[in-house]
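Coordinates in review
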Amino acid sequence: MSTEEQLSPNPLEGKSPFDLRVNQSRGVAESRVKQALETGDMGFLHSFTTGSTVDGPGVRLVAWTAGCQWRCLYCHNPDTWNMMNGMPVTLEQATDELRKYGHGLKVMSGGLTLSGGEPLMQDRFAVKLFTAAQAMGIHTALETNGFLGERLADEELEKIDLVLLGIKTWGPEKHRDLTGKDIGPTLDFARRLAARKRPMWVRFVLVPGLTDDASDLANIAKFIAGLGNVERLEVLPFHQLGHYKWKELGIKYTLEDVEAPTSALAEWACELFRAEGLKAY
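To keep things clear, this report deals only with the structure shown in the data block. (Residues numbered from 1 in each chain as written. Predicted model: local features only at pLDDT ≥ 70, side-chain atom pairs only at ≥ 80, totals over all residues. Heavy atoms only, no water.)

What follows covers the environment of V258. Summarising the element assignment, V258 is placed in the loop between α9 (243-249) and α10 (263-274). As for V258 and G209, which are separated by 49 residues in sequence, their C-alpha atoms are 8.2 Å apart. If sequence neighbours within four positions are ignored, V258 has contacts with V207, P208, F238 and Q240. (Helix = DSSP H or I, 4+ residues; strand = E, 2+ residues; numbered from the N terminus. Contact = heavy atoms within 4.5 Å.)

Here it is, written out as structure tokens:
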């Protein structure tokens, strides 16, 4: 049975991105995966959700990609670390699905958001899908950690109407401890977007006892404020909705006893960002 034949009209739609999904690409040949990554003619998606109002402006269709090279301690979707946990979807199928929602997305001032996982692990697919979306007049947004931003040529950045950039913490050592990767490429991508005046929102996950250091937040605020292209900063409260996935996948989880930040703590963080002139929510 071919990849195309395996797909029903809406096999990807999930009630939420917190659905646990694994081995959706079982049986896809390694050579086909390599070809897909090189050409972008097929992507590997965990799921998609409709009607989102928290992943960019307006009401949006969000496609959640599979595959991520970071290992954030608070990740709520560790099943998206492995690209083979995503379902193979051809570019044509993804475009056809997007077309179904195109009119509604435009009426509701929304668009398509590509999130993950890390979408830039599938950079060719992302660029082609965004190109198709823009051709339909649909607003495009990329949620990314920015680590692989150098994969995108300058002209390809024009296919992305808005970048939702995750900045996790501050300082090289803390960043490696939290994510497993260096912070440098993320900051370089932010500077590149700023130099090209590409619209950007920044997303910051607030974890009590882990990412709530006042000095770190102040440094992040100064960096973001200095870019000049950041329209909005979102403080996202840590939650335990994806905790069960770590257990199901047999991955050690170190934040079992961490509670969600209080509204007072979240407001305190917002005020630190606002002190630098940022619009923080």
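Following the structure, the description resumes.
Along strand β6 (residues 162-166), five of the five residues are buried, which leaves the element largely enclosed by surrounding structure. Neither face of β6 is open: one carries L162, L164 and G166, the other V163 and L165, and all of them are buried. Note that strand β5 (residues 139-144) and β6 share four bridges and pair parallel. Residue pairing in the sheet places E143 in a bridge with L164 of β6. With four bridges joining them, β6 and strand β7 (residues 200-206) adopt parallel strand pairing. Counted as the bridge partner of L165 is V202 from β7. (Buried < 20%, exposed > 50% of the residue type's maximum accessible area, 1.4 Å probe, protein only. Pairing = 2+ DSSP bridges.)

Here the focus is the side chain of D79. Inspection of the secondary structure puts D79 in the loop between β2 (60-65) and β3 (87-90). One polar contact links D79 to K245, side chain to side chain, over a distance of 3.0 Å. (Polar contact = N/O pair within 3.5 Å; in protein donor to acceptor, adjacent residues only side chain to side chain.)

Before going further, it helps to spend a moment on the sheet that holds β7. A sheet is described by the order of its strands in space; here eight strands give the open sequence β3-β1-β2-β4-β5-β6-β7-β8, paired in mixed fashion. With partners counted over all chains shown, the strands left at the sheet margins are β3 and β8 (230-237), one partner each. Adjacent strand axes in the sheet meet at a mean angle of 30° when their direction is disregarded. In this sheet, β3 lies alongside strand β1 (residues 42-52) in antiparallel orientation, the contact comprising four bridges. By the bridge assignment, F44 is partnered in β3 with P88. Strand contacts of helix α4 (residues 123-135): β1, β3, β4 (111-115) and β5, with the helix running at about 175° to β4, the strand carrying the most contacts. Sitting on the sheet, helix α7 (residues 184-195) touches β5, β6 and β7, and the angle it makes with β6 is about 155°. (Axes fitted to C-alpha atoms, helices over the stretch in contact; angles between N-to-C directions.)

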